[in-house]
Amino acid sequence: MKQSASQLMELARDRSGERRRELMHRVADLFFEFGPRADGPELVLFDDILSQLSQELESRVRAELANRMALARTPPRALIRSLALDETIDVASPVLQLSRAVAEEDLIEVARSRSEAHLKAISRRSNLPVSVSDLIIERAEESTLEVLLANASASLSRMAHERLVDRAMEHPSLQGAVVRYAKLPVDLLNEMYFVVESRMRNAILQRNARIRPEDLDEALRLSRHRVTTRKKPVPEDFEAAQEAVKAAEARGGGGPNALVRFLRNGETTAYLIAISQMAGVDFEITRTIHERRELDALSIICKAAGFDRTIFITLAVLVLGRENNPMGRAREYGEIYEALPREVARRTVRFWASPKA
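An account of the accompanying structure is given in this report.

On to the overall build of the protein, then. Looking only at helices and strands, one finds 23 helices and zero strands in the protein. Residue pairs in contact within the protein that sit at least 24 positions apart in sequence constitute 63% of those at least 6 positions apart. For the protein, the accessible area works out to roughly 18100 Å², and carbon and sulfur atoms hold 50% of it.

In structure tokens:
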């Protein structure tokens, strides 16, 4: 319904809250009825009037205006900015989530200065630019990061992906969302292997199975720019163990059987050096696998190196020790070992190789 000038003037003279609310709705109705062009002078006029009115009204009424303007094709620019920056989330949320007219610099300002609820609203926005997503990764809590990761259209930088993985390492509640995040670079995904539960590890292996060889090479190249393990001092017997491994090879006693012999003799460091060399895996990774008794990870190393199932089961039993039901658990992992494709194992251990490799 078209509004007469006299009706609007009458409403404008009345400063009561209800009449100001009615005036705002009538001016908004005129805006949508008139449909001013983005470059037209009428849009500036509507912007001035609606911006002024919105500042005078309570948050409930501003929220009503925000819900209407969030879907407008060419909403008043200053008004949209004001609504997006509103400290009341019920006002800001519809605009932050839906309005295509919110400028990138305004989203950045909101992400830097407003509440967690504002960050969560922005995280639901389609086609979220890198600059804004990266800021959310830096500031947001884990529950908001889960919302952001569920947004398939959001773009993140490589640095933001690295920060995301670092956060997930420290917060188990975030790990599921990170592992499920389809855009996470595969080298960073493989960093998650040793901190997530078994079900998530299987998801990592499944993605490794799907990666194309050329993409794998690129992922490995990128991973060389990031230290993926916290180096600890090597064992005191490291040099002596290296000599023991060399001596065994010189006598023709190397190979998988040497691994069994080293473990049975209590020569743990020699075992770790030897299996690292045979599988092309970083020593720190093999030490972590051994110390944590990670049989699924041990199976990947053994499969990549081409060891017979019997060798793997023997190593698993020795690693577990008598107090951990070694035969029962090793038999279970032996079945997993048989089902694990060697190519998947080989792709996975390439992420576990020394960063200098």
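Right, let's get into the side chain of D134. Inspection of the secondary structure assignment puts D134 in helix α9 (residues 130-139). Buried charge without a partner: D134 forms no salt bridge, and the closest opposite charge is R163, 5.9 Å away. At a separation of 2.5 Å, a polar atom in the side chain of D134 contacts the side chain of S157. If near-sequence neighbours (up to four positions away) are discounted, D134 is found in contact with L156, S157, A160 and R163.

Below, the discussion takes up the packing of aromatic side chains. In this structure the tally under the stated criterion is seven aromatic pairs. Measuring from centroid to centroid gives 5.2 Å for F31 and F32, while their planes differ by 80°, and the two rings are edge-to-face. Residue F32 is classed as partly exposed on the basis of its relative accessible area of 35%. Above the ring of F262, the side-chain terminus of R261 is found at 5.9 Å from the ring centroid. Lying across the ring of Y337, K303 places its NZ or CZ 4.9 Å from the centre.

Now for the packing of helix α20 (residues 295-305) against helix α21 (residues 309-320). To characterise two packed helices, one gives the angle between the axes of the helices and the distance between these axes. Axis separation between α20 and α21 bottoms out at 10 Å; the angle between their running directions is 145°. For the crossing formed where α20 meets α21, the hand is right-handed. Of the residues in α21, those in contact with L295, L298, S299 and C302 of α20 are F312, L315, A316, V319 and L320.

Of note, T348 is situated in helix α23 (residues 342-350). Beyond its immediate stretch of four places on either side in the chain, T348 contacts N190, L205, N208 and I300.

Quick reminder: α-helices carry 3.6 residues per turn. Residues three or four places apart thus point the same way. The end-to-end C-alpha distance of helix α16 (residues 238-250) is 18 Å, a good match for the 18 Å that 13 residues give at a rise of 1.5 Å each. The set of residues buried in α16 consists of F238, A241, V245 and A248. Viewed along the axis of α16, the buried residues span an arc of 80°, placing them on a single side of the element. Residues of α16 that are exposed and point over 90 degrees away from its buried face: E239, A240, K246 and A250. Buried residues in α16 make contact with α17 (256-264), α18 (268-279) and α19 (283-292). Positive phi shows up at G252, right after α16, with a value of about 80°.

This paragraph deals with α17. For α17, every residue scored as buried is listed here: A258, L259, V260, F262 and L263. The inward-facing, buried residues of α17 abut α16, α18, α19 and α21.

Their axes nearest at 10 Å, the elements α17 and α21 cross at an angle of 15°. Considering the angle they form, α17 stands roughly parallel to α21. You can see that α17 and α21 cross each other, and the crossing is left-handed. The segment α17 lies against α21, with P256, N257, L259, V260, L263 and R264 engaging I311, T314, L315, L318 and V319.

As a further point, take the side chain of Q175. Mapped onto the fold, Q175 is located in helix α12 (residues 172-180). Judged by its relative accessible area of 6%, Q175 falls in the buried class. Residues contacting Q175, with those up to four places away along its chain left out, are A168, M169, M192, V195, V196 and M200.

Conventions adopted
Residues numbered from 1 in each chain as written. Predicted model: local features only at pLDDT ≥ 70, side-chain atom pairs only at ≥ 80, totals over all residues. Heavy atoms only, no water. Helix = DSSP H or I, 4+ residues; strand = E, 2+ residues; numbered from the N terminus. Contact = heavy atoms within 4.5 Å. Areas by Shrake-Rupley, 256 points an atom, 1.4 Å probe, with all protein chains shown as cover. Buried < 20%, exposed > 50% of the residue type's maximum accessible area, 1.4 Å probe, protein only. Lys, Arg positive; Asp, Glu negative; His and termini not counted. Salt bridge = Lys/Arg side-chain N within 4 Å of Asp/Glu carboxyl O. Polar contact = N/O pair within 3.5 Å; in protein donor to acceptor, adjacent residues only side chain to side chain. Phe/Tyr/Trp six-rings, centres within 6.5 Å; stacked < 30°, edge-to-face > 60°. Lys NZ or Arg CZ within 6 Å of the ring centre and 35° of its normal. Axes fitted to C-alpha atoms, helices over the stretch in contact; angles between N-to-C directions. Left-handed = near helix turned anticlockwise from the far one by under 90°. Expected span 1.5 Å × (residues − 1). Arc of directions from axis to C-beta. Parallel < 35°, antiparallel > 145°, perpendicular 65-115°, else oblique.

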